[in-house]
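Secondary and tertiary structure notes
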Amino acid sequence: MIDIENVTKRYPGGHDALRGLSLSVATGEMVFVTGHSGAGKSTLLRLIALIDRPTDGQVIVDGQNTRAITRRRIPAYRRQIGMVFQDHKLLYDRPVFDNVALPLVIAGIGHREAARKVRAALDQVSLLNKERHLPEALSSGEQQRVGIARAIVSRPKLLIADEPTGNLDPDLSLEVMRIFRRFNEVGVTLLIASHDIALIDQLGCRRIPLENGTLQVEAEEDPVAEYVERLEAEQERGQWQT
């Protein structure tokens, strides 16, 4: 589904947010991009969503090389991608129904079909009874679920999420991740940027660790080396003699 090939993204001033990055995400995978603030997680998602373009290298999504996608074709390209943001990006003067319907309105979907899809999406996130509420009347967790419903209302092949649980407590964070898991179980590919390692470990999904714009190689555990290190430490403390 996603192939990142030797990608560099350099911003004005010479800062490289990504440097020679290569990675792949298979169709149907649920994968987490991890790393500290500034590691390049958000930049990677922005390149996939064609909010930005790489300085060098190739971003290929579902067989499409984003370098070949003209500005006029970007809206059609983005219809295959659902996007979830940490700050929700909701229209606070419009009810929940209208917020979720926005991608369908932009795509020119008829009112009857759009209403059916909106209610199906709201049902998926357990907010069908809140369709006429304004976002400000909802809790933070409910607002995030509105953002998720909007992201999946067009039934995208790929869902990307940038720190979707960053402002939520642990219980709500787990609830959001369970929603993502349900989408993944019906074939949606998910790429989620998150720093919440404890939460990710509960889900047992593959991690792509970034550090300073490059793929971090996580050292494999070596039980022999660990044993030797422990013996050496004990010897230094006088607890073990040769």
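One structure accompanies this document, and this report is about it.

Cut-offs applied
- Residues numbered from 1 in each chain as written.
- Predicted model: local features only at pLDDT ≥ 70, side-chain atom pairs only at ≥ 80, totals over all residues.
- Heavy atoms only, no water.
- Pairing = 2+ DSSP bridges.
- Helix = DSSP H or I, 4+ residues; strand = E, 2+ residues; numbered from the N terminus.
- Axes fitted to C-alpha atoms, helices over the stretch in contact; angles between N-to-C directions.
- Left-handed = near helix turned anticlockwise from the far one by under 90°.
- Contact = heavy atoms within 4.5 Å.
- Nonpolar A, V, L, I, M, F, W, Y, C, P; charged D, E, K, R; others polar.
- Core = buried A, V, L, I, M, F, W, Y, C linked by side-chain atoms within 4.5 Å.
- Buried < 20%, exposed > 50% of the residue type's maximum accessible area, 1.4 Å probe, protein only.

**Looking at the pairing of strand β9 (residues 206-211)**
In the sheet, strand β3 (residues 30-34) pairs with β9 via 4 bridges, with the strands oriented parallel. Residue Val31 lies in a different strand from β9, and its bridge partner there is Arg206. Here 2 bridges tie β9 to strand β10 (residues 214-215), and the two strands are oriented antiparallel to one another. Following the sheet pairing, Leu210 is matched in β10 by Leu215. Hairpin remark: β9 followed by β10, antiparallel, with 2 residues in the connecting loop; positive phi at Asn212, about 50°.

**Re the packing of helix α3 (residues 96-106) against helix α5 (residues 140-152)**
Where α3 meets α5, the axes come as close as 7 Å, and the angle between the chain directions of the two elements is 30°. Judged by the twist between their axes, the crossing of α3 over α5 is right-handed. Only Val146, Ala149 and Arg150 of α5 make contact with α3, whose side of the interface consists of Val96, Asn99, Val100 and Pro103. Its residues placed into classes, the contact of α3 with α5 shows 5 nonpolar, 1 polar and 1 charged.

**A word on the nonpolar core**
Val100, Leu159 and Phe180 are the most contacted members of the largest nonpolar core, which has 39 residues in total. Contributions of two or more residues to this core are made by β3, α3, α4 (111-124), α5, β7 (158-162), α6 (170-185), β8 (189-193) and α7 (197-203). At 6 residues, the largest contribution of residues to this core is made by α6. Beyond its immediate stretch of four places on either side in the chain, Leu159 contacts Gly82, Met83, Val84, Ala151, Ile152, Phe180, Phe183, Val188, Thr189, Leu190 and Leu191. Core analysis: the second largest hydrophobic core is formed by 29 residues, Leu47, Val59, Leu191 and Ile208 among them.

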